[in-house]
Amino acid sequence: MEDYDAAMALVKDMGEVYGYREEAEQFRQQILEQQTKKRDALIDRHVSRIDDLCGEGDWVQARHEADRLMRMYPDFPSVRELPNRIRQAREKHKQSLIVEFKEAFDREDMNRAMDLLKEMDKNLSPEEAAPYAEMAREVLSKKKENMGVRFKMAVQDRDWIEALNVGEQLIKDYPNSAYADEVRQMLDQLRDRAAAQRAAMSKEGAKG
C-alpha cells in the first residue's frame, strides 16, 4: 500500500536537508499525480457502483453510498452531483414503469401489468400513482377473474397440482374474494389430491 505521507517526508528531506531541490520537486509532482490518479479511480469506481444500484432500483443503498462518498470527497463536482444523478435516474425509472404499464394494459397482458403495478407501488408516491388508479383496479379485477378461470379449469381437468398452486395464489393475492373462499373450502382436499398426484408422477418417472 502506498504511504504518501512518508514519501512526501522523504522528498522534503531530499530538498531541505540534502539540497536536491530540483529532484525533490520532480518527485513531489510525481507523488501528487499518483495520488490524484488513485483518488479519481476510486471515485469513478464508487460512481459506477451507484449507477449499478440505480439500475437495480435500489435507491436506498444508492443514496447511502452517495452520502458516504460525499463525506469523503465533498469538493469534487462528480461527487456533489450524485444526489441529482440518483434523482434523475429514479425519475427515468418511474416514467419507464408507467410507459410499460400502459403498454401491458393496452395489449391486455395482465400478468405483466400486475408485475409492473407492484413495482409502481414501490416507486411511485400516491399522488404520482393516482392517474392510473382506475387502470390498476381493472388489472386487479381481470387478473383475479383469469386466475379464477384457471382454478376452475384445473379442477375440471383433475389437475390437482395446478389447482392447488393457483388456489393458494388466489388466497394470497385476493384473500377477501369469493374465489378465495371457494378455495379455502377445498384446500385440505386439494392438498391431499395434489400430494397423491405428485406421488403417482414420481412413481411413473421411476418406472421410466
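All values reported here derive from a predicted model rather than from experimental measurement. (Residues numbered from 1 in each chain as written. Predicted model: local features only at pLDDT ≥ 70, side-chain atom pairs only at ≥ 80, totals over all residues. Heavy atoms only, no water.)

Engineer: What am I meant to see in the packing of helix α8 (residues 133-156) against helix α9 (residues 160-173) here?
Structural biologist: Between two packed helices, both the angle of their axes relative to each other and the distance between the axes serve to describe the pair. For the pair α8 and α9, interaxial distance at closest approach is 8 Å and the crossing angle is 150°. When the axes of α8 and α9 are compared, the pair comes out roughly antiparallel. Crossing angle aside, the handedness with which α8 passes α9 is left-handed. For the pair formed by α8 and α9, the contact residues are K144, M147, G148, R150, F151, A154 and V155 on the first element and W160, E162, A163, V166, G167, Q169, L170 and D173 on the second. Per-class residue counts for the contact of α8 with α9 are eight nonpolar, three polar and four charged. (Axes fitted to C-alpha atoms, helices over the stretch in contact; angles between N-to-C directions. Helix = DSSP H or I, 4+ residues; strand = E, 2+ residues; numbered from the N terminus. Parallel < 35°, antiparallel > 145°, perpendicular 65-115°, else oblique. Left-handed = near helix turned anticlockwise from the far one by under 90°. Contact = heavy atoms within 4.5 Å. Nonpolar A, V, L, I, M, F, W, Y, C, P; charged D, E, K, R; others polar.)

Engineer: When you look at the side chain of N123 in this model, what are you seeing that I'm missing?
Structural biologist: Positionally, N123 belongs in helix α6 (residues 110-123). There is a polar contact of 2.8 Å between the side chain of N123 and the backbone oxygen of E119. Those residues within four positions of N123 in sequence are excluded, and the remaining contacts are W59, R90, H93, K94, L97 and E128. (Polar contact = N/O pair within 3.5 Å; in protein donor to acceptor, adjacent residues only side chain to side chain.)

Engineer: Would you mind showing me how to read the environment of M70 here?
Structural biologist: Structurally, M70 can be placed in helix α3 (residues 59-72). Overall, M70 belongs to the partly exposed group, its relative accessible area being 21%. Once the C-alpha coordinates of M70 and E81 are considered, the two residues, eleven residues apart in sequence, prove to be 9.5 Å apart. Sequence-distant contacts of M70, that is, excluding residues within four places in its chain, are made with R63, V79 and P83. (Buried < 20%, exposed > 50% of the residue type's maximum accessible area, 1.4 Å probe, protein only.)

Engineer: Would you mind showing me how to read α8 here?
Structural biologist: Residue pairs spaced three or four apart in an α-helix point in one direction, given the helix's 3.6 residues per turn. When the terminal C-alpha atoms of α8 are compared, their 35 Å separation across 24 residues agrees well with the 34 Å that a helix rising 1.5 Å per residue should span. Within α8, the full set of buried residues consists of M135, A136, V139, K143, M147, G148, F151 and A154. Looking one or two residues past α8, R158 carries a phi angle of roughly 60°, positive in sign. (Expected span 1.5 Å × (residues − 1).)

Engineer: Before we go on, may I ask you to explain the environment of S141 in this structure?
Structural biologist: By the element assignment, S141 lies in helix α8. Placed 31 residues apart in sequence, S141 and M110 show a C-alpha to C-alpha distance of 9.6 Å.

Engineer: Help me understand the packing of α6 against α8, please; the structure alone is not making it clear to me.
Structural biologist: Taken N-terminus to C-terminus, the directions of α6 and α8 make an angle of 130°; their axes are 10 Å apart at the nearest point. Viewed along their axes, α6 and α8 adopt a mutual orientation that is oblique. As α6 runs across α8, the sense of the crossing is left-handed. On α8, the residues touching M110, N111, A113, M114 and L117 of α6 are A136, V139, L140, K142, K143 and N146. Partitioning the contact of α6 with α8 into residue classes produces seven nonpolar, two polar and two charged.

Engineer: Explain unusual backbone geometry here, please?
Structural biologist: Negative phi is the rule for most residues except glycine; trans is the rule for most peptide bonds. A positive phi is found at E108, a non-glycine position, where the angle reads about 60°. Relative to the helices and strands, E108 is located in the loop between α5 (82-106) and α6. Here the phi dihedral of R158 falls at roughly 60°; this positive angle occurs in a residue that is not glycine. Locating R158 in the fold gives a position in the loop between α8 and α9.

Engineer: Got a minute to help me understand the confidence of the model for the protein chain in this structure?
Structural biologist: Low pLDDT marks stretches whose predicted atomic positions should not be read closely. Averaged over all residues, the pLDDT of the protein chain is 85; the fraction at 70 or higher stands at 81%. Taking the mean pLDDT of every element in the protein chain, the minimum, 56, falls on helix α1 (residues 4-16) and the maximum, 94, on α5. (pLDDT = per-residue confidence, 0-100.)

Engineer: Help me understand the nonpolar core, please; the structure alone is not making it clear to me.
Structural biologist: The nonpolar side chains of a soluble globular protein tend to be buried with one another. If you look at the biggest cluster of nonpolar residues, it comprises 33 residues, and the most contacted ones within it are F101, M120, V139, F151, L170, V183 and L190. Looking at this core, the elements that each hand over two or more residues are α5, α6, α8, α9 and α10 (178-207). Considering each element in turn, this core owes the most residues, seven residues, to α9. The residues contacting V139, other than those within four sequence positions of it, are F101, F105, M110, A113, M114 and L117. (Core = buried A, V, L, I, M, F, W, Y, C linked by side-chain atoms within 4.5 Å.)

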